[in-house]
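# Report on the structure
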Amino acid sequence: MEVEPLYQLTAHCPACQHDFKTSRIRPKFKQVERMDSDFCPHYKQEALNPDYYVVQVCDRCGCATTEHAKKTWSEQDVAQFNAQVSAHFSSRDYGGERTLAQAIETYKLALLTAQTVNENSRIIAGLLHHMAWLYRYQGNQQQEERYMRFALDAYREVYERDAGSDVNDARLIYMMGELHRRLGEFNEAAMHFSRLIHDKRIMDAAMIRAAREQWAEMREQMHKLKLEVPDEMFEEKKFTI
């Protein structure tokens, strides 16, 4: 018997306590063709992109969450969600196969839900970055850059909030640098890459290597754009991100 790429599981809604169906891609069908420098995966079969199914949406009230979102809501969370999201939701089922357009709809619902119930800021930053990826798949550069900007601001908020708690959060520093680079903000990108490369407290070899690669890529990018490349941009800096 041929195995279907999609399988269903039951999720529980923290808002209305309704159990509903949501779909996932079976691991054997997750075939990555290439990975962008900000970790956006591209799959051999666009229709079998697991990112389309990250968000689970309650068909009754419109509550949209991910597996990493908080599972228990306070009475205030429920009241705010009902007033700001559920009251405007027209019942529809996202439990089966999804198109790219439907995936974008689910992420927008997830952002509304997360912002309404004061979800963890890392969750919100991840949703915003995934939205940028979805628009990249769609070829919509304007919206991709818009959501990269939102994601960058959210990552910066996470970093500033957690400053001093984990100097080795190298992936976060790298991501801020790479999003700055993709948005053409080269001085800011250089500052983040420089910290990863030169700060001896950071021990993440993979992120240090990635920063070196993107630092070199940025230099080439600036030359192609006929921009002046100041030597001081690539010198060791004081780390005051």
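### Let's talk about the pairing of strand β1 (residues 6–12)
Bridge count for β1 against strand β2 (residues 19–25) is seven bridges, and the pairing is antiparallel. Residue pairing across strands places Tyr7 opposite Arg24, the latter belonging to β2. What sits between the antiparallel neighbours β1 and β2 is a turn of six residues, in which Gln17 has the positive phi angle 65°.

### Here's the deal with the environment of Met35
On the secondary structure map, Met35 appears in strand β3 (residues 32–35). Not counting residues within four places of it along the chain, the set of residues in contact with Met35 comprises Cys40 and Pro41.

### A few points about the packing of aromatic side chains
Applying the stated criterion across every chain, the model contains five aromatic pairs. Ring geometry for Tyr135 versus Tyr147: centroids 5.6 Å apart, planes at 25°, classification stacked. Of this pair, Tyr135 sits in helix α3 (residues 121–138) while Tyr147 sits in helix α4 (residues 141–161), placing them 12 residues apart in sequence. Of the two residues examined, Tyr135 and Tyr147, each falls in the buried class. Through a chain of ring-to-ring contacts, three or more aromatic side chains come together here, namely Phe39, Tyr174 and Phe193.

### Notes on helix α5 (residues 170–182)
Between its first and last C-alpha, α5 extends 18 Å over 13 residues, near the 18 Å set by a 1.5 Å rise per residue. With 11 of 13 residues buried, α5 lies mostly within the body of the structure. Every buried residue belonging to α5 is among Ala170, Leu172, Ile173, Tyr174, Met175, Met176, Gly177, Glu178, Leu179, His180 and Arg181, and all of these are buried. The inward-facing, buried residues of α5 contact α3, α4, α6 (186–198) and α7 (205–224). Gly184 lies just past α5 and shows a positive phi near 80°.

### So, the pattern of salt bridges
With the rule as written, the count across this model stands at 13 salt bridges. Of the charged contacts in the structure, one is a salt bridge between Arg182 and Asp38, with a shortest N-O distance of 3.9 Å. With Arg182 in helix α5 and Asp38 in the loop between β3 and β4 (41–43), the pair connects residues that are 144 residues apart, well separated along the chain. Since its relative accessible area comes to 24%, Arg182 is described here as partly exposed.

### Brief notes about the side chain of Thr66
Looking at the secondary structure, you find Thr66 in the loop between β6 (64–65) and α1 (75–84). Overall, the relative accessible area of 9% leaves Thr66 in the buried class. Beyond its immediate chain neighbours, meaning those up to four positions away, Thr66 contacts Val54, Val55 and Leu127.

### Let's talk about unusual backbone geometry
Of note in this structure, Gln17 is not a glycine but carries a positive phi near 65°. Although it is not a glycine, Asn118 adopts a positive phi angle of roughly 55°.

What counts and what doesn't
Residues numbered from 1 in each chain as written. Predicted model: local features only at pLDDT ≥ 70, side-chain atom pairs only at ≥ 80, totals over all residues. Heavy atoms only, no water. Pairing = 2+ DSSP bridges. Helix = DSSP H or I, 4+ residues; strand = E, 2+ residues; numbered from the N terminus. Contact = heavy atoms within 4.5 Å. Phe/Tyr/Trp six-rings, centres within 6.5 Å; stacked < 30°, edge-to-face > 60°. Buried < 20%, exposed > 50% of the residue type's maximum accessible area, 1.4 Å probe, protein only. Expected span 1.5 Å × (residues − 1). Salt bridge = Lys/Arg side-chain N within 4 Å of Asp/Glu carboxyl O.

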